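Each chain, letter by letter, is given below.
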Amino acid sequence: MIRKFLVGTALAAAVFTAPFVAADKDAPHNKKAFEIYKTAVEMRTAKGHNMVLKLANYLAAEFEEGGFDKADIHVAEVSDNAVLIVRYKGDGSSGKRPISISAHMDVVDALPKDWERSPFKLIEENGYYFGRGTVDDKAGMTAVAANFLRLKKEGWVPSRDLIIAFSGDEETDMLSTRALVKEFRELTDSEFVLNADAGGGRIPEDGGTPASFGLQAAEKTYVDFELTVTNPGGHSSRPREDNAIYELATALKNIQAFKFPVMATELTRAYFKGTGPNTPGDLGKAMSKFAEDPKDAWAIGVLRGDASTVGTTGTTCVATMLRGGHAPNAMPQSATANVNCRIFPGTGVEYTLNTLKEIVANDEVKFTTITDPTETDASPLRDDVLAAVRKAVDTRYPGLELIPAMSSGGTDGMHFRAAGIPSYGVNGIFMKSSDSFSHGLNERLPVESFYSNIEHWYVLLKEIAG
Ligand SMILES: [Zn+2]
């Protein structure tokens, strides 16, 4: 998923400069974490490469060697990928139900010839780890796995069961995620989920302390619609008025010109209220203004003109792919475009589709819903989760504001939410916007962020199940 935060409720206090001490890379638990990270990054777990099962088996062997009971480790194949489920048995002293911890083992593919360095070699350079998945999501996955091993080695016994629930195709079909909450529900059933594929904060470009920590508690609904126009075609020397490409182009121009209604919830307003004062320039002013009055035309104009905030103000739909025609000298017999929508909670896929049909206003344009959308409500905030995240964030940035947020990209969390298990994105990666290359070229993670996230999860797990 892409870390982009939208909604939230401001929750905390003044920010103090953190007395952050760099992690000891040579500590045994950090060495183990690095070994897992390197091994995972160097497996090309992208769709079509059939490496997810290998990664799941590798991790399973690590858990077995680390003292986990074989009966508590499950690897299962799901279509051409796999899931990994590991139960860290508690002593039951809290009387509470288990907590699942999710992350994904797959990555978006990377073409080696496009990269400056090999994407499937973990390369350390200039204070960064480069490689596909160094951020999304092998950093989160590693932090969780390494801390299960570390805590076990230390003899720690949680007061309730903790369950690793790693998926294998989060970036594509999410069949494994669905399997985690359906076929394997007995193994993963829990009170709530902590997701290591969302959360964290942005470090300002000139360094210093982040404005806030975004705790993912909601997601927009992801859906792809295909728009197709078909036509009998014919010889291009005898053009007619009707033309599949022109008709599709007109439909797309209508979509381009259309703006979905401005929407605001208590959470988005609180998010803007918390983020505005820490955001420089007009953008920050517009956030504060919108928080006060979501009808303010100037604020709406600024927020909608900025790619980082437009998604927070309502549903967005955008053309992303195109194909059409079959020969340079023939009238096109068909033309198809993909339109990708990120639907604001409470709006609905049906309403969005009908709106698009209305603005296209041409029955020749056929709409097909390509993805199987999962619509979910925000997860209710929990004091225990907030308190544990508070403690983990304080180790790095004491007092940093926690802002419950909504992702515009989809994560495994939505399938847990849809299955009635609230999910919270609480990964502890802090980095600059300019370092954010998830899904793109030359993905990288500051070395220091890798180790501080290991520490983040150590504190978090001990706190939530101590
Ligand atoms: Zn991800």
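Definitions and cut-offs
- Residues numbered from 1 in each chain as written.
- Predicted model: local features only at pLDDT ≥ 70, side-chain atom pairs only at ≥ 80, totals over all residues.
- Heavy atoms only, no water.
- Helix = DSSP H or I, 4+ residues; strand = E, 2+ residues; numbered from the N terminus.
- Rg over C-alpha atoms; globule rule 2.2 N^0.38 Å.
- Buried < 20%, exposed > 50% of the residue type's maximum accessible area, 1.4 Å probe, protein only.
- Contact = heavy atoms within 4.5 Å.
- Areas by Shrake-Rupley, 256 points an atom, 1.4 Å probe, with all protein chains shown as cover.
- Lys, Arg positive; Asp, Glu negative; His and termini not counted.
- Charge placed at Lys NZ, Arg CZ, Asp CG, Glu CD.
- Axes fitted to C-alpha atoms, helices over the stretch in contact; angles between N-to-C directions.
- Left-handed = near helix turned anticlockwise from the far one by under 90°.
- Nonpolar A, V, L, I, M, F, W, Y, C, P; charged D, E, K, R; others polar.
- Pairing = 2+ DSSP bridges.
- 1 Å grid on protein atoms, 1.4 Å probe; cavity = no way out; pocket = protein on both sides within 12 Å on 5 of 7 lines; lining within 4 Å.
- Points joined across faces, edges and corners; volume = space filled by probe spheres on them.
- Domains from an automatic or database assignment.
- Expected span 1.5 Å × (residues − 1).
- Salt bridge = Lys/Arg side-chain N within 4 Å of Asp/Glu carboxyl O.
- Core = buried A, V, L, I, M, F, W, Y, C linked by side-chain atoms within 4.5 Å.
- Polar contact = N/O pair within 3.5 Å; in protein donor to acceptor, adjacent residues only side chain to side chain.
- pLDDT = per-residue confidence, 0-100.

A. Quick peek at the overall build of the protein. Helices and strands together make up the secondary structure of the protein, namely 13 helices and 19 strands. Taken against the 2.2 N^0.38 rule, which gives 23 Å for 466 residues, the C-alpha radius of gyration of the protein at 23 Å falls within 12% of a compact globule. Each principal axis of the C-alpha atoms in the protein carries an extent, and together these give about 80 × 50 × 45 Å. Burial status across the protein gives 54% buried among its 466 residues. Nonlocal contacts in the protein, meaning residues at least 24 apart in sequence, comprise 80% of its contacts between residues at least 6 apart. Just so you have it, the protein exposes about 19600 Å², and 53% of that area is on carbon and sulfur atoms. Treating the 50 positive side-chain charges of the protein as one cloud and the 62 negative ones as another, the clouds have centres 1 Å apart.

B. Fine view of the packing of helix H7 (residues 266–275) against helix H8 (residues 281–292). Two numbers describe how H7 lies on H8: the axes approach to 8 Å, and their chain directions differ by 145 degrees. Note that H7 runs across H8; the crossing there is left-handed. Residues Arg269, Phe272, Lys273 and Thr275 of H7 lie in contact with H8, whose contacting residues are Met287, Ser288, Phe290, Ala291 and Glu292. Counted by class, the contact of H7 with H8 contains 4 nonpolar, 2 polar and 3 charged residues.

C. View of the sheet that holds strand E15 (residues 366–369). The 4 strands lie next to each other as E12-E14-E10-E15, forming an open sheet whose pairing is antiparallel. Looking at which strands have only one partner, the edges of the open sheet turn out to be strand E12 (316–324) and E15. Pairs of neighbouring strands in the sheet enclose a mean axial angle of 25 degrees, with direction left out of account. Both E12 and strand E14 (residues 334–343) contribute to a ladder of 8 bridges, which runs antiparallel. When the bridges of E14 are listed, cysteine 317 appears paired with cysteine 341. Relative to the sheet, helix H6 (residues 244–257) contacts strand E10 (221–230), E12 and E14, its axis offset from that of E14 by approximately 15 degrees. Contacts from helix H10 (residues 349–360) reach E10, E12, E14 and E15 within the one sheet, and its direction differs from that of E10 by about 35 degrees.

D. Structural view of the pairing of strand E3 (residues 99–104). Extensive coverage of E3 is indicated by the burial of 6 of its 6 residues. Pairing between E3 and strand E6 (residues 162–167): 6 bridges, direction parallel. Its bridge partner lying in E6, serine 102 is registered against alanine 165. In terms of strand pairing, E3 meets strand E7 (residues 192–195) through 4 bridges, oriented parallel. Paired with serine 102 across the bridge in E7 is asparagine 195.

E. Geometry of the layout of surface pockets. Considering only enclosed or pocket space, the largest pocket measures out at about 1200 Å³ in volume. Tyr222, Asp224, Asn340, Arg342 and Ser408 are, among the 45 residues lining the largest pocket, the residues nearest its centre. Elements represented by at least two residues in the lining of the largest pocket include exactly helix H4 (175–181), E10, H6, E12, E14 and helix H12 (413–418). No other element matches the 5 residues that E12 contributes to the lining of the largest pocket. Broken down by class, the residue content of the lining of the largest pocket amounts to 18 nonpolar, 15 polar and 12 charged. Each of two domains, domain 1 (28–219 + 375–464) and domain 2 (262–313), supplies a minimum of three residues to the lining of the largest pocket.

F. Seen up close, helix H13 (residues 447–464). With 18 residues, H13 should reach 26 Å at 1.5 Å per residue; the first-to-last C-alpha distance of 26 Å fits that figure. A large share of H13 lies buried, amounting to 14 of its 18 residues.

G. Region of the structure containing the pattern of salt bridges. Going through the model one piece at a time under the given rule, you end up with 29 salt bridges. Between aspartate 282 and lysine 285 there is a salt bridge, and its shortest N-O distance comes to 3.7 Å. Linking aspartate 282 with lysine 285, this pair stays in helix H8, spanning 3 residues, or about one helical turn. In this structure aspartate 282 comes out as partly exposed when scored by relative accessible area, which is 43%.

H. Representation of the nonpolar core in the model. Residues Leu59, Phe63, Leu84, Phe148, Phe166 and Trp457 are the most contacted members of the largest nonpolar core, which totals 72 residues. The biggest single contributor to this core is H13, with 10 residues. Here leucine 59 is in contact with Ile36, Leu84, Met105, Met141, Ala145 and Phe166, once residues within four sequence places are set aside.

I. Up close: the side chain of aspartate 161. In this structure, aspartate 161 sits in the loop between helix H3 (138–153) and E6. For aspartate 161, a relative accessible area of 17% translates into the label buried. Among the polar contacts made by the side chain of aspartate 161, one reaches the main-chain amide nitrogen of glycine 90 at a distance of 2.8 Å. Setting aside residues no more than four positions away along its own chain, aspartate 161 makes contact with Arg87, Tyr88, Lys89, Gly90, Pro98 and Ile99.

J. Quick look at the confidence of the model for the protein. Looking at the protein as a whole, the pLDDT averages 92, with 95% of positions reaching at least 70. Low pLDDT, under 50, characterises residues 1–19; the predicted model gives this stretch 88 contacts beyond four residues in sequence or across chains.

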